[in-house]
Every structure is written in structure tokens, then in C-alpha cells.
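Architecture at a glance
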Amino acid sequence: MAKKHIIILGGSYAGVKAGKVLHKQFKKDPNVEITIIDRHPFHTLMTELHEVAGHRTEPDAIQVDLRKVFAGKKVNVVVDEINNIDFKAKKLSSERTTYQYDYLLLCTGNQSNFFGVEGAEEYAHTLWSYEDAVHVREHVEDMFRRASVEPDPEKRKALLTFAVCGGGFTGVEMAGELGEAKKHLAEQYMVDEKEVTIYNIEATGRILNMLDSDKQVKKIEDKYYRKLGINLLKNSPITKINKESIVINKNTEIPTHTLIWAAGIQNNDFAKNLGLKTGRGGRILVNEFMQVKGQAGLYAAGDNASYEDEDGVMPQIVQAAEQSGHTAAANVAAEIKGTELHKHKQKYNGFMVSVGSRRAVADTGFKSSGWFAMLIKHVVNFLYLFLVSGVRQLWNYLMHEFFHIKNRRSFVGGHFSKASPNFWKVPLRIWLGYMWLVEGLKKINEGWLDEVKIISTPVTDAATWGTAGEAATAVADATASASQAATTVVEATASASQAATAVVEATASASQAATAVVDATASASQAVDTVVETAHQLPAIFQWVVNHMPSGWGQPLLAETPDAMNWFMETFMGPIAIPVQTIMIFTEIIIGICLIFGLFTFISSGISVIMTIGITLTGMSDATIIWYFVGGIALLGGSGSTFGLDYYVLPYLKRWWKKTSFARKTHLYFD
């Protein structure tokens, strides 16, 4: 069988999906070669362009490295710019080489559609590529920078006026980002925030036509836009764009240096001019199999493809791109294998649109808005990135959206992005390690390697794990005895008070005041007695109120060991008590040594947390073990990279691990 060459042109949503599907189909077939070609080495997250343009996230937040996506997979990634396709010879050409194919998938994406508006192509700022997002980001900041030193009020006003054309998803999301960004940009360049004007301009009478709910649209218009200071102009088509102004309805001119065009998209010029039959927006006509009519072995998907069925015209959204990419790839595989072709079926799971970092509306089978809708949008992004590039890309997303976010522009604010130097944790790391080391060595001295110390009975029945539990019981008994003695003294004081009252009553009427004082003393004594008795019934962690000893000292944290844990200990741990105790001792010692020297600090801290939970559930320790739990949580951030062996060891291990085929295939590594 002759080797088949499949080329995917474009690392778009459709292209990446097609590559994933083809890898699964032919990963063990040596007679099939799969190549994806793009002019960039990365896949761009088009749905997040507004975040970069609006200064919420950094530019690399919207890049997903194609070489890492397909590392260890049967897909070759080539970075090149194709400038010609010969369909008859089945050959692609760039300035430096040519590529022969048997099957070609066109997934090159789209570009802005200016609809013939005068001056739009020359002066409007587009938002439909990575370069566009970075350019808008830099331009917006430059407007604040120039305004900060501009003395002329009119010129200053024009510099600080920002207009977004288009009431679709991209336009609304871009306007929302500007509404948030103006606050910290104004502060950074010492500009009065009230001087900033933001417009969202829509030619029709309604924004967000993809949303069925007028109520959700109204919430954006009346609540979210008003809160962010965004002026919505509906039924206001832009008829002309000048270098320093825009004209609405042919008669209203707004001075501005910034018009961001998000009014529509069309097939990109390269795909539109290939000589193939096209439909609306220059999109290539395809059949129900995503095949280009009249061209053997040629498929189009995503925004390149024009397709319509009983469910309507295929929209230019991510879900449609992925679904059509899957259909095209599945049918290429079917052609090669000689199986039945797969008919494309449109099925979309709803729509989401954000207005800034904390507000959104979503229609995903049920309608939601605000914080919860924003959570749904993040979850959808989590799922997509995990499927595309595994744990690695998901971790990168968390870093960009939550842990490294600036100016509190996350739907949970800036709580997760607060950071402090790791060297402040070094004393805690060493001390916690020392405590674990002492615990392990102490158990050896107490005979845990030779004698069974595990007793699986309720804690309330004085069940203990070794001498530490017996000491805790003794302390508790001593505390109870002290409480009883205190009660006796109080009762004696009350009796004395009653005798004094009898004497006083025999005296003159002036002694009634003294009687009142004595009665008050007796009442106070009874109150003290009540407080003491109540305090002794409190959980162990609060016992310091009574005995002034360290929190929880000598008192079991749980009232009794859970039945499930008792069963587990008796069934599984009891028969092998000595080996379990031995493992426990050496685990404590190893944790201690690792924390002291700062080696594998994250893992050691995590095990520390798990150990404290397990020990607590078995009734093995008093309430002071909470200190170990809290300390372990605090060290999970990793203090070993400062004055610890992790500083030297982890970089080496990361470099080694990332090079392994397993890590590259599974994406189980962090950048």
C-alpha cells in the first residue's frame, strides 16, 4: 500500500481537532503520514483575544504551542506560510519549499469583514488574531500615556475616547474589558477615570443575536454596561471612519483615535481566492461530509467552510469549528480505510459571553448570569484546554487567569494572585521538619518497631496509641479533678456566704446592703461554677480556656473514632500492625529530613497534610496535631526553592522529565 500524505493547513480550532482525530485513527499505521502547517508555532485561543487586548492577561495566555500539543503523536508540526495550492497536482507551495498531499484539510480561519465602510480598513483596529490583540493592547495603553501629558482638553478627550464597533460576542466582550481596564490604566498614568469614554456601537436594534433571552441581553445593557460606564449606541451604523474620528448615521461625528472593529468576519483572503466555489462571506462551499465539491481529497472545516442543513447555516463559532474539523478528519480516515462516510450534524451546547472578568451571561441548557455564568465559562475553557493539551495547558490557564492575574481582574478577585517571597517560610519549613523527625525518633524509642501500639476502640473509652494517649488521659483526669476541687471551694464559699447573711439579718436595717453584696457573691460563684462545667464540655481545641495549656494539649481531637476507621484498622491494619507502624515511623522521619533540607518540599508538605488527617481519624493524637496540618498547608507553595535542595534538584528533574516520551504524550508536566 502506497503511503498516504494528509496535510492540515491551519492550526485553528478546526485544525487542532482534525489533527487529534487523525492521530487516533492512524497512530499505529506506518502507511499514513499526518502534517499540520501553520505560519505560527502556536494555536491561538480566539475566544480569549479580548482579555489580552484589554490588559487582563498577558499575551502568552492565548498561545497554545502546537509542537507541545502534538508532541509524541503521529502529527508533524511544520511552521511555514503557504502562498499557493495546486489542486490538480495536489501540491502546496511556500517561499522555501513544496508539500505533496493525498488529502488536504483547509482550516485557515477567517478575518474581519468591513462591509465596505469607508476608512475602516485603513483606520480601524481589528481583533481577530494574536497580532491584533497585542496591537490593540499597546495602542490603548499608548492613548493613556499620550493623554497624561496632553494639555489641550479637546485633544485629551479624543485620546481617551474608545469605540468598539459590533454588538456580537467579540464586541461586547471587548467593551467589557475596556470598562475594567480604564480604572488601573487611569491610575497608572495619573488620568482622571471620569475623563474616559467607552462606546459599544451596534448597527441594529439588538446586541448578542445568538442569545435567545431578551432578559439576559437587558441585564448586560442596563446593569453590566452601566456599572462599567459603557455607552451603548444601538441602531447606529458607522458610515465613515477617519484617522481621528468616526461618523455615525452619516451625520454624527465622534472624535476618537480608537475604533476597534468587531462587526463581522469573512473567509480569509488566502482561502477566499483559491478559485473554489464560495458562499456568503467568501466561505468555501462543502457538502455534508465537509468535502469541497468537485475536488477529490479536499476538505474544508471551521470558518473556511460554508455549510447549511435543516438546522440552519453553520455558524462561525468554536463549537462549529471543532465539530466540522472532526467530521472532515473522520471522513479522510473513512476514505483511506474504505468505510462509510460520516455525515455532519450540528449540535451546539449553548453560548456564553463575558462582560469584564467578573460578569457574564450563559445559556447552556439553563440560563445563568453574573458570577456563576463566569464560572461556567471557565469550566468550559478548562475542559477544552485539558482535551487539547492535558494537565500542562490547564495549569498554564490557571496561572494566567487566577494565580498571576493583576489588578484583581478575576471572577474571584485577586485573592489567589497574592504572593510573598518563599524565604519567609524557611523557618516554618525547618521547624515543621524538626517536629516530624522528633515524632519518628520518639516512636522508635517507645518500641513502635517491636510492639503493637495500635488499639482500635472509641476514643471516649480512653483508646490510645501508645504512651502519648495515656499521658493525654492522665492530663484530662487531672483537669477534671481540679475542676471538682474548684467546685467544692465554690460551694464552701456559698455556705460561708449564707452564714454571714444570717448574722447580718440579725443586725440593724443598715446591714441589708451587705446582704445584697453577699448574695451577689454567691451568684457570681455559681456563675463561675457553671462556666467551668461548660468549658469542660467544649471540644479539646478550646480547653486552654480551662487549663491554660497549649491548644488541645492532652485532649483527643475527635469525640470518638469513626466506625469506618475502626473497621478499617481492625480488618486491614491490625493483622500487620508492626509493618504499618514501621512504615509510619520512617515516613515521619523522611518527611522531617526532606523539610529540614528543603527537598521535594511540595510532596513532603502534601504527605504531611494527609498524615495529619489519617492520624486524627484514628484517634492517635491530641488536638495539637492541627498545628502540623496548618503548617503543611502553608508550605505547599514550596519553600524548598529558597535555601533548600529543591533550588538545585527540581530544575534538573523538570528538564529531564519534559524530555521523556511519556511526559510529552500525556502532557503531564508544567512549563
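Our next topic: the overall build of the chain. The helix and strand tally for the chain stands at 21 helices and 27 strands. Relative to its full complement of 671 residues, the chain shows a buried share of 49%. Across the chain, the fraction of contacts at a sequence separation of at least 24, relative to all contacts at a separation of at least 6, is 68%. Accessible area for the chain stands at about 33,200 Å²; split by element, carbon and sulfur atoms hold 59% of it.

Each aromatic ring pair is described using two quantities: the centre-to-centre distance and the angle formed by the ring planes. Using the criterion set out here, one finds 21 aromatic pairs in the structure. Taken together, a centroid distance of 5.8 Å and an interplanar angle of 65 degrees make the contact between F402 and F411 edge-to-face. Each of the two residues, F402 as well as F411, counts as buried. Taken together, a centroid distance of 5.0 Å and an interplanar angle of 65 degrees make the contact between W436 and Y628 edge-to-face. Of the two residues, W436 sits in helix α12 (residues 426–445) while Y628 sits in helix α19 (residues 626–635), which places them 192 residues apart along the sequence. When sorted by exposure, W436 lands in the same class as Y628, which is buried. Among the aromatic residues, ring-to-ring pairing joins W371, F382, Y397, F402 and F411 into one connected group.

In this structure, the second largest pocket occupies an estimated 1,300 Å³ of space. What lines the second largest pocket is a set of 32 residues, and nearest its centre among them are W395, F602, L636, G637 and K654. Counting only elements with at least two residues in the lining of the second largest pocket, the list comes to α11 (370–403), α18 (601–617) and α20 (646–659). With 7 residues, the top contributor of residues to the lining of the second largest pocket is α20. Of the residues assigned to the lining of the second largest pocket, the class counts are 16 nonpolar, 10 polar and 6 charged.

Our focus in this paragraph is helix α8 (residues 214–228). The terminal C-alpha atoms of α8 lie 20 Å apart, and with 15 residues this matches the ideal 21 Å at 1.5 Å per residue to within 8%. At I220, α8 is bent by approximately 30 degrees, the largest bend along its length. What α8 keeps buried is the set Q216, V217, I220, E221, Y224, Y225 and L228. With a side-chain oxygen positioned 3.3 Å from the backbone nitrogen of K215, the residue opening α8 is S213. Note on α8: the residue one or two positions beyond its end, G229, has a positive phi of about 75 degrees.

Attention now moves to the confidence of the model for the chain. In this model, the chain carries a mean pLDDT of 87, and residues with pLDDT of at least 70 account for 85%. Every residue in residues 485–490 scores below 50 in pLDDT, and together they form 4 contacts with partners more than four places removed in sequence or on other chains. Confidence drops under pLDDT 50 across residues 499–504; counting only partners more than four residues distant or on other chains, this segment forms 6 contacts.

Here we come to the nonpolar core. Residues I6, I85, L104, L105, L106 and I220 are the most contacted members of the largest nonpolar core, which totals 101 residues. When residues of this core are assigned to their parent elements, the largest contribution, 8 residues, is made by helix α5 (residues 130–147). Not counting residues within four places of it along the chain, the set of residues in contact with L104 comprises I7, L9, I85, F87, L92, G297, L298 and Y299. By size, the runner-up hydrophobic cluster in this structure holds 15 residues, among which are F114, I238, I246 and L259.

Okay, α11 next. For an α-helix, the turn length of 3.6 residues means that residues three or four places apart are oriented alike. The end-to-end C-alpha separation of α11 is 21 Å, well short of the 50 Å expected for 34 residues at 1.5 Å each. By the largest-angle criterion, S389 marks the main kink of α11, which is about 135 degrees.

The next thing to look at is a positive patch on the surface. Residues K183, R358, R408 and K418 make up a contiguous surface patch of positive charge. Tracing the backbone shows R408 in the loop between α11 and α12.

So, about the pattern of salt bridges. Applying the stated criterion across every chain yields a total of 26 salt bridges. For R206, the salt bridge goes to D214, with nearest N and O atoms at 2.9 Å. The exposure class of D214 is exposed, given its relative accessible area of 54%. If you follow the salt bridges from partner to partner, you end up with E51, R56, E177, E180, E401 and R409 in one network.

Our focus in this paragraph is a nonpolar patch on the surface. On the surface, F600, F602, I603, I607, Y652, L653 and W656 cluster together into a nonpolar patch covering about 710 Å² of accessible area. Listing elements by their share of the nonpolar patch, those giving two or more residues are α18 and α20. Structurally, Y652 is set in helix α20. Residue classification places Y652 among the exposed positions, given a relative accessible area of 54%.

Attention now moves to the sheet that holds strand β14 (residues 230–233). Spatially, 5 strands are ordered β11-β18-β12-β13-β14 in an open sheet, and the strand pairing comes out parallel. Strands with a single pairing partner mark the edges of an open sheet, and in this sheet they are β11 (125–126) and β14. Taken together, the 4 bridges between strand β13 (residues 197–201) and β14 define a ladder with parallel strand orientation. The residue of β14 that forms the bridge with I201 is L233.

In this section: the pairing of strand β25 (residues 351–354). Alternating residues of β25 divide into F351 and V353 and M352 and S354, and every residue in both groups is buried. Direction of pairing for β25 relative to strand β26 (residues 360–363): antiparallel, over a ladder of 4 bridges. Its bridge partner lying in β26, S354 is registered against A360. What sits between the antiparallel neighbours β25 and β26 is a turn of 5 residues, in which G356 has the positive phi angle 85 degrees.

Further remarks concern the packing of helix α1 (residues 13–26) against helix α10 (residues 318–337). Running from amino to carboxyl end, α1 crosses α10 at an angle of 35 degrees, the nearest separation of the two axes being 7 Å. Note on packing geometry: the crossing formed by α1 with α10 is right-handed. Along its contact with α1, which presents Y13, A14, K17, A18, V21, L22, Q25 and F26, the element α10 presents V318, A321, E322, G325, H326, A329, A330, V332, A333, I336 and K337. Classifying every residue of the contact of α1 with α10 by side-chain character gives 13 nonpolar, 3 polar and 3 charged.

The 3 strands lie next to each other as β25-β26-β27, forming an open sheet whose pairing is antiparallel. Edge positions in the sheet fall to β25 and β27 (367–369), since each of these pairs with one other strand and no more. Strand-to-strand twist across the sheet, computed as the mean angle between neighbouring axes with direction ignored, equals 5 degrees. With respect to the sheet, α8 is in contact with β25, β26 and β27, its orientation differing from that of β26 by roughly 180 degrees.

On to the side chain of R283. Inspection of the secondary structure assignment puts R283 in the loop between α9 (269–272) and β20 (284–285). D303 provides the closest opposite charge to the buried, unpaired R283, separated from it by 4.8 Å. A distance of 3.3 Å separates a polar atom in the side chain of R283 from the backbone oxygen of D303. What R283 contacts, discounting residues up to four positions off in sequence, is N267, K277, T278, G302, D303, N304, A305, S306, M314, P315 and Q316.

Quick notes on the rules
- Every chain's residues receive numbers from 1 upward, in the order its sequence appears when written.
- This being a predicted model, a pLDDT of at least 70 is required before a residue's local features are given, and a value of 80 or more before pairs of side-chain atoms are given or counted; all residues contribute to the totals for chains, interfaces and linings.
- As a convention, hydrogens and water are excluded, and side-chain values are obtained from all of the structure's heavy atoms.
- By the criteria applied, helices consist of DSSP H or I runs no shorter than four residues and strands consist of E runs no shorter than two, each listed in order from the N terminus.
- Throughout this description, buried means an accessible area under 20% of the type-specific maximum (1.4 Å probe, protein chains only), exposed means over 50%, and partly exposed covers the range between.
- The contact definition used throughout considers only heavy atoms, calling two residues in contact when any of these lie within 4.5 Å.
- Only the protein chains shown count as cover for residues, with accessible areas throughout obtained via the Shrake-Rupley method and a probe of 1.4 Å.
- Here is the rule: rings of Phe, Tyr and Trp (six-membered ring for Trp) pair when centre to centre is within 6.5 Å. Planes less than 30 degrees apart are stacked, more than 60 are edge-to-face, and the remainder are tilted.
- For each structure, a 1 Å grid was placed over the protein atoms alone; sets of points admitting a 1.4 Å probe that cannot get out are labelled cavities, open sets with protein on both sides within 12 Å along at least five of seven lines are labelled pockets, and lining residues have an atom within 4 Å of a point.
- Grid points are joined across faces, edges and corners, and a volume is the space filled by probe spheres set on the points.
- Under the convention adopted here, Pro, Cys and the residues Ala, Val, Leu, Ile, Met, Phe, Trp and Tyr are nonpolar, Asp, Glu, Lys and Arg are charged, and Gly plus all remaining residues are polar.
- Here the expected span of a helix is defined as 1.5 Å times the quantity of residues minus one.
- The bend at a residue is defined as the angle formed between two axes, one fitted to the seven residues ending at that residue and one fitted to the seven starting there.
- The term polar contact refers here to a pair of N or O atoms within 3.5 Å; inside protein, the definition further demands a hydrogen-donor-capable atom paired with an acceptor-capable atom, and it admits residues adjacent in sequence only when both atoms are side-chain atoms.
- Residue-level confidence of the predictor, termed pLDDT, takes values from 0 up to 100.
- Each nonpolar core is a collection of buried residues, namely Ala, Val, Leu, Ile, Met, Phe, Trp, Tyr and Cys, held together in the definition by side-chain atoms within 4.5 Å.
- Surface patches are drawn from residues lacking salt bridges whose relative accessible area is over 30%; two like charges belong together within 9 Å, two nonpolar side chains (Val, Leu, Ile, Met, Phe, Trp, Tyr) within 5 Å.
- We define a salt bridge as a side-chain nitrogen of Lys or Arg found within 4 Å of a carboxyl oxygen belonging to Asp or Glu.
- By the counting scheme adopted, Arg and Lys are positive, Glu and Asp are negative, and His together with the chain ends is not counted.
- Here the site of a charge means NZ on Lys, CZ on Arg, CG on Asp, or CD on Glu.
- Paired strands, in this sense, are two strands between which DSSP finds at least two bridges.
- For helices, the fitted line uses only the C-alpha atoms of the stretch in contact; every axis is such a line through C-alpha atoms, and the angle between N-to-C directions lies from 0 to 180 degrees.
- Handedness of each helix crossing follows the sense of rotation of the near helix against the far helix: counterclockwise by less than a right angle gives left-handed, clockwise gives right-handed.

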